[in-house]
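Okay, here's what each chain looks like letter by letter:
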Amino acid sequence: MSETQPDQNARHAEKMKKIKAARDRLMETKTEEKGLIMVHTGPGKGKSSSGFGMIMRCIAHEMPVAVVQFIKGNWATGERDFLKTHFPDEVKFHVSGEGFTWETQDRERDIAKAEAGWELAKELIRDPANRFVMLDEINIALRNDYLNIDDVVDFLLTEKPDMTHVLLTGRNAKPELIEAADLVTEMTLLKHPFRDGIKAQAGVEF
């Protein structure tokens, strides 16, 4: 005999009651607050996009934000235009780098730009007024050894203010950074239209 709708509802309610009780017990143990070191990496799309989503949350919570974009240079993006136009006081937005490495074709200049961006990033992170600092595509600069990974990790672990969140994005995050981070998300690539000859689309890619 099949289960009736009232029986299904009652069984579902009892199951959810048990899950809620277990969840409440778990949440009672989560009392610590701290600024997180976060990494978005992997070959899939969405590393920077997710970071900009966090920035929207910070704006809603009236938490001052700073962004330093490595590598991408002056490539126009919707996020940059939107934040600079609508939230210039809430978000300090800085561009370091002159484009992807295959475009600049000048390693020494790329290194100089990355180092300048890192010096600026350190200033922004040290300032406790900035509650969230996003270092967009810094993992690319680290992967190419434009910056010293030990220097970056040591700074984050020893000089970052306790309540400041720092997000580092870009594929191929180095193991040292992954080990030091509190939260690491790897975006996996299952399918991408670029493989089918479709160029980057406004509103989706930039």
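Residues numbered from 1 in each chain as written. Predicted model: local features only at pLDDT ≥ 70, side-chain atom pairs only at ≥ 80, totals over all residues. Heavy atoms only, no water.

Comments concerning the overall build of the protein
Turning to step 1, where the next piece is worked out: Of regular secondary structure, the protein possesses 8 helices and 6 strands.
Turning to step 2, where the next piece is worked out: Its helices and strands taken in sequence order, the protein reads α-β-α-β-α-β-α-α-β-α-α-β-α-β from the N to the C terminus.
Turning to step 3, where the next piece is worked out: Relative to the globule expectation of 17 Å for 206 residues, the C-alpha radius of gyration of the protein, 21 Å, shows a markedly less compact shape.
Turning to step 4, where the next piece is worked out: Across its three principal directions, the C-alpha atoms of the protein cover 75 × 45 × 35 Å.
Turning to step 5, where the next piece is worked out: Residue pairs in contact within the protein that sit at least 24 positions apart in sequence constitute 81% of those at least 6 positions apart.
Turning to step 6, where the next piece is worked out: For the protein, the computed accessible surface area is about 12,700 Å², with 51% contributed by carbon and sulfur atoms. (Helix = DSSP H or I, 4+ residues; strand = E, 2+ residues; numbered from the N terminus. Rg over C-alpha atoms; globule rule 2.2 N^0.38 Å. Contact = heavy atoms within 4.5 Å. Areas by Shrake-Rupley, 256 points an atom, 1.4 Å probe, with all protein chains shown as cover.)

Considerations on the nonpolar core
Turning to step 1, where the next piece is worked out: Ranked by internal contacts, the top residues of the largest apolar core, which has 30 residues, are Trp-118, Leu-135, Ile-138, Leu-147, Leu-156, Leu-168 and Leu-177.
Turning to step 2, where the next piece is worked out: Only β1 (37-41), β2 (65-69), α5 (107-126), β4 (132-136), α6 (138-143), α7 (149-158), β5 (165-169) and α8 (175-180) provide two or more residues apiece to this core.
Turning to step 3, where the next piece is worked out: When neighbours within four sequence positions are excluded, Trp-118 is seen to be in contact with Phe-70, Leu-135, Ile-138, Leu-147, Asp-151, Val-152 and Phe-155.
Turning to step 4, where the next piece is worked out: In terms of nonpolar packing, the next biggest core, distinct from the first, is built from 15 residues, Ile-55, Cys-58, Ile-59 and Phe-93 among them. (Core = buried A, V, L, I, M, F, W, Y, C linked by side-chain atoms within 4.5 Å. Buried < 20%, exposed > 50% of the residue type's maximum accessible area, 1.4 Å probe, protein only.)

A closer look at the pattern of salt bridges
Turning to step 1, where the next piece is worked out: Tallying each qualifying case throughout the model produces 5 salt bridges.
Turning to step 2, where the next piece is worked out: Note that Glu-159 is salt-bridged to Arg-126, the shortest N-O span being 2.8 Å. A residue pair is termed long-range when its members are at least 10 positions apart, and Glu-159 in the loop between α7 and β5 and Arg-126 in helix α5 qualify at 33 residues.
Turning to step 3, where the next piece is worked out: A relative accessible area of 38% means that Glu-159 is categorised as partly exposed. (Salt bridge = Lys/Arg side-chain N within 4 Å of Asp/Glu carboxyl O.)

Regarding the side chain of Ser-96
Turning to step 1, where the next piece is worked out: Inspection of the secondary structure assignment puts Ser-96 in the loop between β3 (91-95) and α4 (101-104).
Turning to step 2, where the next piece is worked out: Overall, the relative accessible area of 9% leaves Ser-96 in the buried class.
Turning to step 3, where the next piece is worked out: Only 2.6 Å separates the side chain of Ser-96 from the backbone oxygen of Lys-113, close enough to count as a polar contact.
Turning to step 4, where the next piece is worked out: With sequence-adjacent residues up to four places away left out, Ser-96 is seen in contact with Val-68, Gln-69, Phe-70, Ile-71, Lys-113, Ala-114, Ala-116 and Gly-117. (Polar contact = N/O pair within 3.5 Å; in protein donor to acceptor, adjacent residues only side chain to side chain.)

Side note on the sheet that holds strand β6 (residues 183-186)
Turning to step 1, where the next piece is worked out: Pairing is parallel in the open sheet, where 6 strands are placed in the order β3-β2-β4-β5-β1-β6. The strands lining the two open edges of the sheet, one partner per strand, are β3 and β6. Mean inter-strand twist for the sheet, computed between neighbouring axes without regard to direction, equals 10°.
Turning to step 2, where the next piece is worked out: Both β2 and β3 contribute to a ladder of 5 bridges, which runs parallel. Considered in β3, the bridge of Gln-69 is made with Val-95. (Pairing = 2+ DSSP bridges. Axes fitted to C-alpha atoms, helices over the stretch in contact; angles between N-to-C directions.)

Take it as geometry only, folks, not as evidence of what the structure does.
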